[in-house]
Structures are given as structure tokens and as C-alpha cells.
Amino acid sequence: STVTGKVVLENLENVCFIHKTTFTKDTNGLTIAFHEGMRFVIVHIRNLMNMNIETLKKLAAKGE
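Scoring rules and cut-offs
Residues numbered from 1 in each chain as written. Predicted model: local features only at pLDDT ≥ 70, side-chain atom pairs only at ≥ 80, totals over all residues. Heavy atoms only, no water. Helix = DSSP H or I, 4+ residues; strand = E, 2+ residues; numbered from the N terminus. Rg over C-alpha atoms; globule rule 2.2 N^0.38 Å. Buried < 20%, exposed > 50% of the residue type's maximum accessible area, 1.4 Å probe, protein only. Contact = heavy atoms within 4.5 Å. Areas by Shrake-Rupley, 256 points an atom, 1.4 Å probe, with all protein chains shown as cover. Lys, Arg positive; Asp, Glu negative; His and termini not counted. Charge placed at Lys NZ, Arg CZ, Asp CG, Glu CD. 1 Å grid on protein atoms, 1.4 Å probe; cavity = no way out; pocket = protein on both sides within 12 Å on 5 of 7 lines; lining within 4 Å. Points joined across faces, edges and corners; volume = space filled by probe spheres on them. Nonpolar A, V, L, I, M, F, W, Y, C, P; charged D, E, K, R; others polar. Salt bridge = Lys/Arg side-chain N within 4 Å of Asp/Glu carboxyl O.

Caption draft 1: Inspection of the overall build of the protein at higher detail. For the protein, the helix and strand inventory stands at 3 helices and 0 strands. In sequence order, the secondary structure elements of the protein are arranged as α-α-α. A compact globule built from 64 residues should have a C-alpha radius of gyration of about 11 Å, whereas the protein, at 15 Å, is more than 25% larger. Counting only C-alpha atoms, the protein reaches 45 × 30 × 15 Å along its principal axes. A buried classification covers 14% of the 64 residues belonging to the protein. Considering only residue pairs separated by 6 or more positions, the protein has 35% of its internal contacts joining residues 24 or more positions apart. Surface exposure of the protein reaches about 5200 Å², of which carbon and sulfur atoms provide 61%. Both charge centroids of the protein, one from 8 positive and one from 6 negative side chains, sit 4 Å from each other.

Caption draft 2: The arrangement of the layout of surface pockets in detail. Empty space within the largest pocket amounts to approximately 150 Å³. Considering the residues around the largest pocket, the lining is formed by Ser1, Gly5, Lys6, Val8, Leu9, Glu10, Leu12, Glu13, Arg46 and Met49. Elements with a minimum of two residues in the lining of the largest pocket: α1 (3-15) and α2 (30-50). Residue composition of the lining of the largest pocket, by class: 4 nonpolar, 2 polar and 4 charged.

Caption draft 3: Region of interest: the pattern of salt bridges. A full pass over the atoms with the stated rule returns 2 salt bridges. Ionic pairing is found between Glu13 and Arg46, a salt bridge with its closest N-O pair at 2.5 Å. With Glu13 in helix α1 and Arg46 in helix α2, the pair connects residues that are 33 residues apart, well separated along the chain. The exposure class assigned to Arg46 is partly exposed, which follows from its relative accessible area of 33%. Note that Lys57 and Glu54 form a salt bridge whose closest N and O atoms lie 3.9 Å from each other. Of this pair, Lys57 and Glu54 both sit in helix α3 (residues 53-62), 3 residues apart, which is roughly one turn of that helix. A residue is classified by how much of its surface remains accessible, and Glu54, at 45% relative accessible area, is partly exposed.

Next up, the structure:
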């Protein structure tokens, strides 16, 4: 919720394929897999941000 946090999140979205496709013409598929992994990180962060605190506490207790 801080200005700095918003800047960091916006930067992550820009480099982690939230606003662009992960597709590439690479023939072995490794680049797409790498891009999708980067995208997963920001999607996961966004999902955590949308959870209520009780759900987050339960996840933390499970070690997830």
C-alpha cells in the first residue's frame, strides 16, 4: 500500500509478463517455460495480496 510498494509491484508486472505475451518463436520451449515461471511469481503475489489475513495465516502455518 506504500508508494514504494506500488512502484515495486508495477515494475514486477512490467518484467514478469503480466502485460505482454509469454510466447516466443524459440524451438525448444524453454524460453516460454521461463517466461511463464516469471509470470507465475507476480500472479502468486497478486493472489496473496487479495487473500484475507486469516487465510494467509493458515497458509503460513502449513508452510505454503
